[in-house]
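What follows is the residue order along each chain.
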Amino acid sequence: MAAYLDISSWDLACEFNNTDHRTDLNGVGRLIVRRGQAFTINLQLQSGAYDAQAHSLCFIVEAGPEPLEESGTRAEFCVSDSIDDTCWSAMVTSPPGDTLCVSISSAPDAAIGRYTLTLDQHGYKINLGEFVLLFNPWCPRDSVYMDDEEALKEYVLAQDGIIYMGDHNYQLPMAWDFGQFEEEILDACLRILDVNPKCQKNQAEDCSARRNPIYVTRVISAMINCNDDNGVLMGRWQEPYEGGVKPMLWRSSVGILRQWCRESCSAVRFGQCWVFAAVACSVSRALGIPCRVITNYLSAHDTNQNLVIERYVNEKGEPEKRTRDSIWNFHCWVESWMTRPDLPSGYDGWQASDPTPQEKSEGVFCCGPVSVKAIKQGELSFKYDAGFVFAEVNADVQTIMRLPDGSTRDVISPAIVGQKISTKSVGSDHREDITHLYKYPEGSDEERETFKKAEHLNKLQQHKDVGLDLTIKLGDSLRKGCDFDVFALAKNNTSKNKRCRLLLASRAVSYSGVIGGDCGYKDLLNVDLPPGGERKVPLRLNYNKYADALTQDNLIRLAALLIDYSNGDTVLSVRNVVLDNPEIKIKILGEPKEHRKLAAEITVQNPLPVPISSCCFSLEGANLTGGRTITERLQTTVEPGQEAKVKVYFTPTHSGLRKLLVDFDSDKLCHVKGFRNVIIGK
């Protein structure tokens, strides 16, 4: 006759297990564990004691609407003498007594998501409760395993980070609150998986596929944008932003994911590339996939897959929109760490994926994951979307001038896409240049072989040298509110006298290349350049001219055009100027302690030659402001050179190194950003 244990109660030991599995920042009110790692449950016995010879204890774990063992969404296993780390298994770890401690280990390739746990004694079943299972980059058998503890702290556990913006000559760090452990965020991430179209079409198949981080990453890439589905974010790249939030105002993924969940999966308005990438990074880290945000400066968008960006300009050197091809000042995507058993050996590690909706992949607006090493090696046939990402960092640029009579002329305009590819360094706020992971050095033999493999023939051709050099130089004090000079420097490298026309134009521009208002213009009809001679031409940019033209990106596009009257040769030089905003000064008042009210004094000096009003400070930070944004407004006008100052209170919830993120906005000085690291004591 079968013997049954008389179980009066049970405990999933959430606090102990969550801490052991590094999920305790999600809270300890429910069981959240990582696959391939044992967790403990406690069974309280009403009477008697456990006898391995007499009692049979089995467990059933199930996920999804149609749990099946062959799909990896159901497992039935009994207590044995030891844990088997290759599959679901269990063993008793306590001596005989009133409390029976059972260690349960999940399979290292189990599907992630919500599970039910059931105890089975010869058909007598007790539902012990639910738990959430995540990827486990600390487990050597997991396909997201990363053998670097410091990197794991950065790419999985860090709730804040830095995203790089600005220009390849002037990279601007912007702190971001990923907030993957804030309240409601894990549920939002699981909901993203549940409402994705593949799950809606076949829930059982989708749940089974969640064993694979390649599949999950591709779903994330598609679901962060809303172009095909009930995705998280709607993109918009220029005014108007009515009915939503300007992309530059976002500093955290938390508010975005919470709003999407609370509004029944309606798309949050609006995002641009760094917002899409940051939210994708938050979701990946929340699910246990090591992830980081990447910025590619001078990023190409090749729509016709010919690895050539055709750039049209008018007779002033100003861009014309003749094709969908474009070069963005910078573009952000994410990299996720995993093995690639679907590719030849050697392509594990960082995989690029891009949630910004640019082109369709297999009929859906998503991109990747594609091995970063495959991009470097020119393996354009590899899954997924290798050709598109290769073009982003390697495309050739052909510049064509369209004249007023409709005719065209080739323009010599050196432009190298894929510059200063950047991410935050592990364990510090410094920028790490990872360009070498995506491409070989310009002009190297390895680069040439890669282009041959990719059939990138344009890059192998020698570009025409007409003997004229044209560069743009910058003056000092490129601060918003100042007047400053820029210069076109023309040089004649030939043995002949040259008479040329030189134009120097400036226009406001967005980071994605959308041209704004005029900021200044100069046209010299007769510039004489003797052999070996040069000419430096200044252009004064005045605040009262560029102030109303600037976009949220504080960028001005400079274009210098040199036309040789003797033969019509035309040289174009383009450079973007990033105007500095003033520094936000953040002073912490008192000793920072968890669960103790803390004050910060924040000041910004008005650098403009005019007064500013409607001043507003916004603060947020993971484990500092409770997952919400704190705002403080000033009722007074701030005169030129004077400071706007506020004191703000908040209560940190967890100890450790945290980033306090601050934004400042006013009627004339907008999108000023700053941050400060704060060490919170226990």
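Residues numbered from 1 in each chain as written. Predicted model: local features only at pLDDT ≥ 70, side-chain atom pairs only at ≥ 80, totals over all residues. Heavy atoms only, no water.

Per an unreviewed UniProt entry, the protein chain goes by Protein-glutamine gamma-glutamyltransferase 2 and derives from Denticeps clupeoides. The annotation that UniProt attaches to the protein chain under Sequence similarities (unreviewed entry) is "Belongs to the transglutaminase superfamily. Transglutaminase family." (UniProt positions renumbered as here; feature names shortened; annotations may be inferred.)

Chemist: Any details on the sheet that holds strand S21 (residues 370-371)? Residues and values, ideally.
Modeler: The strand order across the open sheet built from six strands is S21-S18-S17-S14-S24-S25, with neighbouring strands paired in antiparallel fashion. In the strand order of this sheet, the two ends are held by S21 and strand S25 (431-433), each with one partner. Bridge analysis of strand S14 (residues 291-301) against strand S17 (residues 326-338) gives 10 bridges, and the strand direction is antiparallel. By the bridge assignment for S17, His-301 is matched with Ser-326. Of the strands in this sheet, S14, S17, S21 and strand S24 (419-424) are in contact with helix H10 (residues 386-394), which crosses S14 at around 70°. (Pairing = 2+ DSSP bridges. Helix = DSSP H or I, 4+ residues; strand = E, 2+ residues; numbered from the N terminus. Contact = heavy atoms within 4.5 Å. Axes fitted to C-alpha atoms, helices over the stretch in contact; angles between N-to-C directions.)

Chemist: Talk me through the nonpolar core; I want residue IDs and the actual numbers.
Modeler: Within the largest apolar cluster, 65 residues are counted, with the highest numbers of intra-cluster contacts made by Ile-224, Trp-274 and Leu-287. Setting aside its immediate chain neighbours within four residues, Trp-274 contacts Ile-163, Met-165, Met-174, Trp-176, Pro-247, Met-248, Phe-330, Cys-332, Tyr-511 and Gln-552. Ranked by size, the runner-up nonpolar core spans 57 residues in total, among them Leu-539, Tyr-546, Leu-562 and Val-662. (Core = buried A, V, L, I, M, F, W, Y, C linked by side-chain atoms within 4.5 Å. Buried < 20%, exposed > 50% of the residue type's maximum accessible area, 1.4 Å probe, protein only.)

Chemist: Let's hear about the state of the cysteines: which residues, and what values?
Modeler: Formally, a disulfide is one covalent bond, and it connects the sulfur atom of one cysteine to the sulfur atom of another. Counted by the stated rule, this structure contains one disulfide. Between the sulfur atoms of Cys-58 and its disulfide partner Cys-78 the distance amounts to 1.8 Å. Taking the torsion about the sulfur-sulfur bond, which here is approximately 80°, the covalent link between Cys-58 and Cys-78 counts as right-handed. With Cys-58 in strand S4 (residues 58-62) and Cys-78 in strand S5 (residues 74-80), the pair connects residues that are 20 residues apart, well separated along the chain. Cys-101 carries a free sulfur, and the closest cysteine sulfur to it, the one in Cys-14, is 15 Å from it. (Disulfide = S-S within 2.5 Å.)

Chemist: Run through the environment of Met-338, naming residues and quoting values.
Modeler: Within the secondary structure, Met-338 sits in strand S17. Judged by its relative accessible area of 1%, Met-338 is buried. Separated by 126 residues in the primary sequence, Met-338 and Asn-212 place their C-alpha atoms 9.5 Å from one another. Dropping the residues within four chain positions of it, Met-338 is found in contact with Ser-143, Val-144, Pro-213, Ile-214, Thr-217, Ile-289, Asp-348, Gly-349 and Gln-351.

Chemist: Describe the packing of aromatic side chains, listing the residues and the values that go with them.
Modeler: Per the stated rule, a full pass over the model turns up 23 aromatic pairs. Feature note: the residues Trp-237, Trp-274, Phe-276, Tyr-297, Trp-328, Phe-330 and Tyr-511 constitute an aromatic cluster, connected by ring pairs. Lying over the aromatic face of Tyr-521, Lys-316 brings its terminal NZ or CZ to 4.8 Å of the ring centre. Above the plane of the ring of Phe-487 lies Lys-536, whose end atom (NZ or CZ) is 4.4 Å from the centre. (Phe/Tyr/Trp six-rings, centres within 6.5 Å; stacked < 30°, edge-to-face > 60°. Lys NZ or Arg CZ within 6 Å of the ring centre and 35° of its normal.)

Chemist: Which residues make up the pairing of strand S8 (residues 113-121), and what values go with them?
Modeler: Among the nine residues of S8, seven are classified as buried, and the element is accordingly described as predominantly covered. Note: S4 against S8, five bridges, orientation antiparallel. Its bridge partner being in S8, Glu-62 is matched across the sheet by Thr-116. Pairing of S8 with strand S9 (residues 124-134) involves nine bridges; the strand directions are antiparallel. Directly across from Thr-116, in S9, lies its bridge partner Glu-130. The hairpin turn running from S8 into S9, its antiparallel successor, is two residues long, and His-122 in that turn takes a positive phi close to 55°.

Chemist: Describe the pattern of salt bridges, with residues and values.
Modeler: Per the counting criterion, the structure on display carries 34 salt bridges. The residue Asp-194 makes a salt bridge to Arg-114 at a minimum N-O spacing of 3.7 Å. Here Asp-194 is found in helix H3 (residues 185-195), whereas its partner Arg-114 is found in strand S8, with 80 residues between them in sequence. Its salt-bridge partner being Lys-593, residue Glu-591 comes within 3.6 Å of it at the nearest N-O pair. A network of salt bridges, in which partner residues are shared, links Arg-30, Arg-114, Asp-187, Asp-194, Asp-206 and Arg-210. (Salt bridge = Lys/Arg side-chain N within 4 Å of Asp/Glu carboxyl O.)

Chemist: Go over helix H2 (residues 149-157), please, and point to the residues and values.
Modeler: For H2, the complete set of buried residues consists of Ala-151, Leu-152, Glu-154, Tyr-155 and Val-156. The buried side chains of H2 occupy one side of the element, clustering within an arc of 165° when seen end-on. Of the surrounding secondary structure, the elements contacted by the buried residues of H2 are strand S2 (31-34), helix H8 (273-287), S14, strand S18 (349-353), S24 and S25. (Arc of directions from axis to C-beta.)

Chemist: Summarise the UniProt feature "binding site: Ca(2+)" (unreviewed entry) in the protein chain; cite the residues concerned and give the values.
Modeler: What UniProt calls "binding site: Ca(2+)" (unreviewed entry) maps, in this numbering, to Asn-394, Asp-396, Glu-442 and Glu-447. Maximum C-alpha separation among the annotated residues is 13.4 Å over a sequence range of 54 residues, consistent with a single clustered spot. Within the secondary structure, Asn-394 is located in helix H10. Here Asn-394 falls in the buried class, since its relative accessible area comes to 4%. For Glu-447, the position within the fold is in helix H12 (residues 445-453). Look at Glu-447 and you get buried, because its relative accessible area is 9%. When neighbours within four sequence positions are excluded, Glu-447 is seen to be in contact with Tyr-440, Pro-441 and Glu-442. A polar side-chain atom of Glu-447 sits 2.7 Å from the main-chain amide nitrogen of Gly-443. (Polar contact = N/O pair within 3.5 Å; in protein donor to acceptor, adjacent residues only side chain to side chain.)

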